[in-house]
Amino acid sequence: MADTTFAIHSGPAAQARLRKRYARERRFKLMCLAALGVAAIFLVVLIGSIVSRGWSGFLVTQMELTVTYSPEMVDASNPADGNFRMIVVEALQKEFPEATDHSSMRALLGLVSNGGFLAVRNAVVDDPSLVGQTVTMWVSAASDIDMLNKGYVDRTAPEELRRVDDQTMAWVDKLEADGRIRTGFNWDFFTTGDSREPELAGIGGAILGSFWMLLVTFLVSFPTGVAAAVYLEEFAPKRRWVDIIEVNINNLAAVPSIVFGLLGLAVFLNLMHLPRSAPLVGGLTLALMTLPTIIITTRAALKGVPPSIREAALGIGASPVQVVSHHVLPLALPRLLTGAIIGMAQALGETAPLLMIGMVAFIVDLPSGPLDAATALPVQIFLWADSPERGFVEKTSAAIMVLLGFLVVMNGIAVFLRQRFEVRW
Amino acid sequence: MVAVTEITASERDASHADAVTIPVDRLPELGGPVKMQTRDLKLWYSDKQALAGINLDVPERQVTAFIGPSGCGKTTFLKCLNRMNDTIEGVRIEGDVTLDGTDVYDRSVDPVQLRARVGMVFQKPNPFPKSIYDNVAYGPRIHGLATNRGDLDAIVESSLQRAGLWNEVKDRLGEMATGMSGGQQQRLCIARTIAVSPEVILMDEPCSALDPISTARVEELIDELRDNYTIVIVTHNLQQAARVSQLTAFFHLGRLIEVNDTAEVFQNPGESMTRDYITGRFG
Ligand SMILES: Nc1ncnc2c1ncn2[C@@H]1O[C@H](COP(=O)(O)OP(=O)(O)O)[C@@H](O)[C@H]1O
Ligand SMILES: [Mg+2]
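**Quick word on the overall build of chain A**
Item 1. Looking only at helices and strands, one finds 17 helices and three strands in chain A.
Item 2. For chain A, the C-alpha radius of gyration of 31 Å lies well beyond 22 Å, the compact-globule estimate for 425 residues.
Item 3. Taking the principal axes of its C-alpha atoms as reference, chain A extends roughly 105 × 70 × 35 Å.
Item 4. Here chain A holds 425 residues, and the buried ones make up 44% of them.
Item 5. Here the contacts in chain A between residues at least 6 apart in sequence split such that 75% fall between residues at least 24 apart.
Item 6. Mean positive and mean negative side-chain charge positions of chain A (34 and 38 charges, respectively) differ by 20 Å.

Take a look at the structure:
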């Protein structure tokens, strides 16, 4: 008896079986690893392509000008009305004295972005005592120069196929050689609104628009969703109509987001006449979309609180409402917030419903409240991706990076909340 | 040899098929007053009957033990006494349960108030994930038993003292209760129940998750609490029932088969089924 047991689990046949098992297990593990590898490759390619295309969107090319605010060009008593185009041309002519004819002067003007002219103007408006003086300042270069400096212009292409002609290229090279061209971090990108000119276009307006929108979404969908979930999970009798509601909520969570956009259009704009393009409407629409998610995650969070805690509270005479408000909800809160943040992150990335309610307009001003016309981060990406200028390509990718950054931060907070505050049983 | 002691489930059920739940006139004479009483108590979980008309008198300031094989309805019966079954979906209850002569299932009775008078300690220690202090203070707080912090402190201290836990925790009342040992947690749960000043304490296998030393502490505690409270305890441990209780009730398949003085039940059971159970032939 003992001998056969011994023989079954040792000996050559057993060794062979064991080897086969090991091989099977190795194959299985390898398959899992390969799947992980494929996922990782996708991720690296995605992030890599966005970053490689977009990182330069955070940079801006600037050139140093030696600006003379001569009294003929600008009046100290009314500095805002100066002839700043001429001032810039004269500043550039100090570098390139040969550029005196009309077309050369036009070409010189093309080196500086509108933001650059504005900077020259603002300096003297802020400090009229500059009139009659000469100052050096860094101003942002025009988009084409920016592209050239960042290496996006093919210098070997024939001149007529190039955005930048030979003359301009020579000027830029000279400025470069003199140390009068630099690449700086584009802080303005985060603080300004959209613009027709790519070097001036910023994501600040879209960030604010998304912020106001998510604020509305959160304020509407979180309390409503949590309260609905608490009622369904804790107080509703397990009756047929509750089942029907439950099925419908699950269905609602699966409805394509554009349908919510149509609903928002019909209800908030056409019926309630709320302002078009406003974050309020976007927020309300996204709240509709987020509500089922919040209800579902809240119910899961409430289910996750062990029955023993409810029994404990009931057993010393807490009422059902006290059981929920004193124990179940506080214990479910971390998971509940996690769910809400994930819902918000979804809403942040949502584009289609916003297109339906007119948040796709070209808006330069920063929205100062939920009633101002605004756009949102994903919509801004959509708009820029649609623009033909080379300068918007990098802006698009940069905006995608900003959006992804926000999503990563939000999901990170969700994970942190879950890890840090969730009570384990 | 094997054939004599082992009784299979079907044989047992066949041999005791005639066993019925105790009628009122065969309930034992109690020395003292009756605290709680059930008459013809029946309970169904949906269509499944779990209690088949239980008659029982629970004596005041004594320990009553419920014994019986798993699934015989001990927990179900216990929860009827403080209406903890009310929260379960699909439960239907018939018959009477009285506390000091008033029907606890009467419409006028608020189950929440009832549970303040009839407290419960559960099988698995279930402290709130809060501080030790807050665990004990929770009951008095929701029932408004303390008007100021000093009163509350006093209730917390006396409850912990009566639960035999004060000396172990008096210096760390602010610590999380969930960090204590299982035995301490269970005594904390008892302190939490006492803090509400209930009249009856129901305990559902309070020691089944505890080690022998903690079990001994809880048993001592039950013995001390008997002076002030009416205690009903469900236990799987027959020695425990013999040690701590004055009255023992034996349940089987939703019926109350035998109830008598504990010494009588263990030394001289009146029913063959009780004898089979306490001698370990089934259950
Ligand atoms: N919530 C419930 N729903 C349906 N059946 C239940 C429920 N709780 C207990 N039961 C059934 O009722 C019977 C008695 O259970 P219980 O009172 O827990 O027994 P005990 O505590 O004696 O082990 C068992 O058959 C059990 O399966
Ligand atoms: Mg039980």
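**Examining the overall build of chain B**
Item 1. Looking only at helices and strands, one finds twelve helices and ten strands in chain B.
Item 2. In terms of overall dimensions, chain B is globule-like: its C-alpha atoms have a radius of gyration of 19 Å, near the 19 Å expected for 283 residues.
Item 3. Classification of the 283 residues of chain B by burial places 52% in the buried group.
Item 4. In chain B, 69% of the contacts between residues at least 6 apart in sequence involve partners at least 24 apart.

**Section: the interface of chain B and chain A**
Item 1. Facing 23 residues of chain B, the contacting portion of chain A comprises 19 residues.
Item 2. For the pair chain B and chain A, the summed buried surface comes to about 1700 Å²; carbon and sulfur atoms form 65% of the total.
Item 3. A per-residue breakdown of the area chain B buries against chain A is headed by Phe128, Pro129 and Tyr138 of chain B, which together make up 27% of the total.
Item 4. Joining chain B to chain A, the criterion identifies one salt bridge.

**Topic: the sheet that holds strand E1 (residues 59–68) of chain A**
Residue and element names in this part refer to chain A.
Item 1. Pairing within the open sheet is antiparallel, and its three strands lie in the order E2-E1-E3. Two strands lie at the open edges of the sheet, namely strand E2 (134–140) and strand E3 (181–185), each paired on one side alone. On average, each strand axis in the sheet is tilted by 35 degrees relative to the strand beside it, whichever way the strands run.
Item 2. As judged from the seven bridges shared by E1 and E2, these two strands associate in the antiparallel manner. Counterpart to Thr68 in the pairing with E2 is Thr134.
Item 3. Sheet contacts for helix H3 (residues 84–95): E1 and E2; angle to E1, the most-contacted strand, approximately 90 degrees.

**Here's the deal with the site of ligand 1**
Residues and elements named next belong to chain B.
Item 1. In the vicinity of ligand 1, the residues found are Tyr45, Lys48, Ala50, Ser70, Gly71, Cys72, Gly73, Lys74, Thr75, Thr76 and Ile88.
Item 2. Within the side chain of Thr75, a nitrogen or oxygen atom sits 2.6 Å from an oxygen atom of ligand 1.
Item 3. A distance of 2.4 Å separates an oxygen atom of ligand 1 from a polar atom in the side chain of Thr76.
Item 4. Alone, ligand 1 offers 560 Å² of accessible surface; in the complex the protein occludes 62% of this.

**A short note on the sheet that holds strand E10 (residues 255–261) of chain B**
Residues and elements named next belong to chain B.
Item 1. Reading across the sheet, the six strands line up as E6-E7-E8-E3-E9-E10 and stay open at both edges, with mixed pairing between neighbours. Every interior strand has two partners, whereas the edge strands, strand E6 (118–121) and E10, have only one. Within the sheet, the average angular offset between the axes of one strand and its neighbour, ignoring direction, is 20 degrees.

**Concerning the state of the cysteines**
All names here are of chain B.
Item 1. Applying the stated criterion to the full structure yields zero disulfides over all chains.
Item 2. For Cys189, which is in no disulfide, the shortest distance to another cysteine sulfur is to Cys207 and amounts to 12 Å.
Item 3. Here Cys207 falls in the buried class, since its relative accessible area comes to 8%.

**Quick look at the domain arrangement of chain A**
All names here are of chain A.
Item 1. Along its sequence, chain A is carved into domain 1 (58–186) and domain 2 (204–421).
Item 2. Computed from C-alpha atoms alone, the centre-to-centre distance between domain 1 and domain 2 is 46 Å.
Item 3. Facing the seven residues of domain 1 at the interface are seven residues of domain 2.
Item 4. Of the roughly 550 Å² buried between domain 1 and domain 2 on both sides combined, carbon and sulfur atoms contribute 58%.
Item 5. Where domain 1 packs against domain 2, one counts one salt bridge.
Item 6. Between Glu394 and Lys150 there is a salt bridge whose closest N-O contact spans 2.9 Å.

**Notes on the side chain of Arg187 of chain B**
Residues and elements named next belong to chain B.
Item 1. Positionally, Arg187 belongs in helix H8 (residues 182–194).
Item 2. By relative accessible area, Arg187 is classed as buried at 5%.
Item 3. For Arg187, the residues in contact, after removing those within four places along its chain, are Ala163, Gly164, Leu165, Glu168, Arg217, Val218 and Leu221.

**Section: the packing of helix H10 (residues 240–253) of chain A against helix H12 (residues 279–303) of chain A**
Residue and element names in this part refer to chain A.
Item 1. Viewed as axis vectors pointing N to C, H10 and H12 meet at an angle of 125 degrees, and their least axial separation amounts to 8 Å. Comparing the axis directions of H10 and H12 gives the class oblique. Note on packing geometry: the crossing formed by H10 with H12 is left-handed. Contact with H10, carried on its side by Glu246, Ile249, Asn250, Leu252 and Ala253, involves Pro292, Ile295, Ile296 and Arg299 of H12 and no other residues of that element.
Item 2. Counted by class, the contact of H10 with H12 contains six nonpolar, one polar and two charged residues.

**Quick notes on the nonpolar core**
Among soluble globular proteins, nonpolar side chains are generally buried collectively.
Item 1. If you look at the biggest cluster of nonpolar residues, it comprises 98 residues, and the most contacted ones within it are Leu56, Phe66 and Phe77 of chain B.
Item 2. Looking at which element gives the most residues to this core, the answer is helix H14 (residues 320–348) of chain A, with twelve residues.
Item 3. Not counting residues within four places of it along the chain, the set of residues in contact with Phe77 of chain B comprises Thr38, Leu41, Leu51, Ile54, Leu56, Phe66 and Phe251 of chain B.
Item 4. Ala65, Leu160, Val218 and Ala241 of chain B belong to the second-largest nonpolar core, a separate cluster that totals 44 residues.

**Looking at the environment of Thr351 of chain A**
Residues and elements named next belong to chain A.
Item 1. Following the sequence through the fold, Thr351 ends up in the loop between H14 and helix H15 (352–356).
Item 2. Measuring from C-alpha to C-alpha, the distance between Thr351 and Leu377 comes to 8.6 Å, with 26 residues separating the pair along the chain.
Item 3. Ignoring sequence-local partners within four residues, the contact set of Thr351 consists of Pro378, Val379 and Phe382.

**Here's the deal with the packing of aromatic side chains**
All names here are of chain A.
Item 1. Inspection of every chain in the model, using the stated rule, returns 17 aromatic pairs over all chains.
Item 2. Among the aromatic residues, ring-to-ring pairing joins Phe58, Phe185, Trp187, Phe189, Phe190, Trp384 and Phe392 into one connected group.
Item 3. Just above the ring of Phe362 sits the side chain of Arg196; from NZ or CZ to the centre is 3.7 Å.
Item 4. A cation over a ring is seen here: Arg390 above Tyr152, with NZ or CZ 4.0 Å from the ring centre.

**Some points on the confidence of the model for chain B**
Residue and element names in this part refer to chain B.
Item 1. Summarising the model, chain B shows a mean pLDDT of 88, and 93% of its residues fall at 70 or more.
Item 2. Counting contacts from residues 1–17, a segment whose pLDDT is below 50, to residues more than four positions away or on other chains yields 14 contacts.
Item 3. ipTM for the predicted complex: 0.87, alongside a pTM of 0.81.

**Examining helix H2 (residues 11–54) of chain A**
Item 1. In a regular helix each residue adds 1.5 Å, so 44 residues correspond to 64 Å; H2 of chain A covers 63 Å between its end C-alpha atoms and thus fits that length.
Item 2. Buried residues of H2 of chain A: Ala14, Ile50 and Gly54 of chain A, and no others.

**Focus: the pattern of salt bridges**
Item 1. Counted under the stated rule, the structure contains 29 salt bridges over all chains.
Item 2. When the shortest N-O distance is used, the salt bridge between Lys174 of chain A and Asp178 of chain A registers 3.2 Å.
Item 3. Residue classification places Asp178 of chain A among the partly exposed residues on the basis of a relative accessible area of 42%.
Item 4. Within this structure, Lys35, Glu60, Asp100, Arg117 and Glu199 of chain B form a network of salt bridges that share partners.

About the thresholds
- Residues numbered from 1 in each chain as written.
- Chains lettered and ligands numbered in written order.
- Predicted model: local features only at pLDDT ≥ 70, side-chain atom pairs only at ≥ 80, totals over all residues.
- Heavy atoms only, no water.
- Helix = DSSP H or I, 4+ residues; strand = E, 2+ residues; numbered from the N terminus.
- Rg over C-alpha atoms; globule rule 2.2 N^0.38 Å.
- Buried < 20%, exposed > 50% of the residue type's maximum accessible area, 1.4 Å probe, protein only.
- Contact = heavy atoms within 4.5 Å.
- Lys, Arg positive; Asp, Glu negative; His and termini not counted.
- Charge placed at Lys NZ, Arg CZ, Asp CG, Glu CD.
- Buried area = accessible area lost by both parts, 1.4 Å probe.
- Salt bridge = Lys/Arg side-chain N within 4 Å of Asp/Glu carboxyl O.
- Pairing = 2+ DSSP bridges.
- Axes fitted to C-alpha atoms, helices over the stretch in contact; angles between N-to-C directions.
- Near = heavy atom within 4 Å.
- Polar contact = N/O pair within 3.5 Å; in protein donor to acceptor, adjacent residues only side chain to side chain.
- Areas by Shrake-Rupley, 256 points an atom, 1.4 Å probe, with all protein chains shown as cover.
- Disulfide = S-S within 2.5 Å.
- Domains from an automatic or database assignment.
- Parallel < 35°, antiparallel > 145°, perpendicular 65-115°, else oblique.
- Left-handed = near helix turned anticlockwise from the far one by under 90°.
- Nonpolar A, V, L, I, M, F, W, Y, C, P; charged D, E, K, R; others polar.
- Core = buried A, V, L, I, M, F, W, Y, C linked by side-chain atoms within 4.5 Å.
- Phe/Tyr/Trp six-rings, centres within 6.5 Å; stacked < 30°, edge-to-face > 60°.
- Lys NZ or Arg CZ within 6 Å of the ring centre and 35° of its normal.
- pLDDT = per-residue confidence, 0-100.
- Expected span 1.5 Å × (residues − 1).

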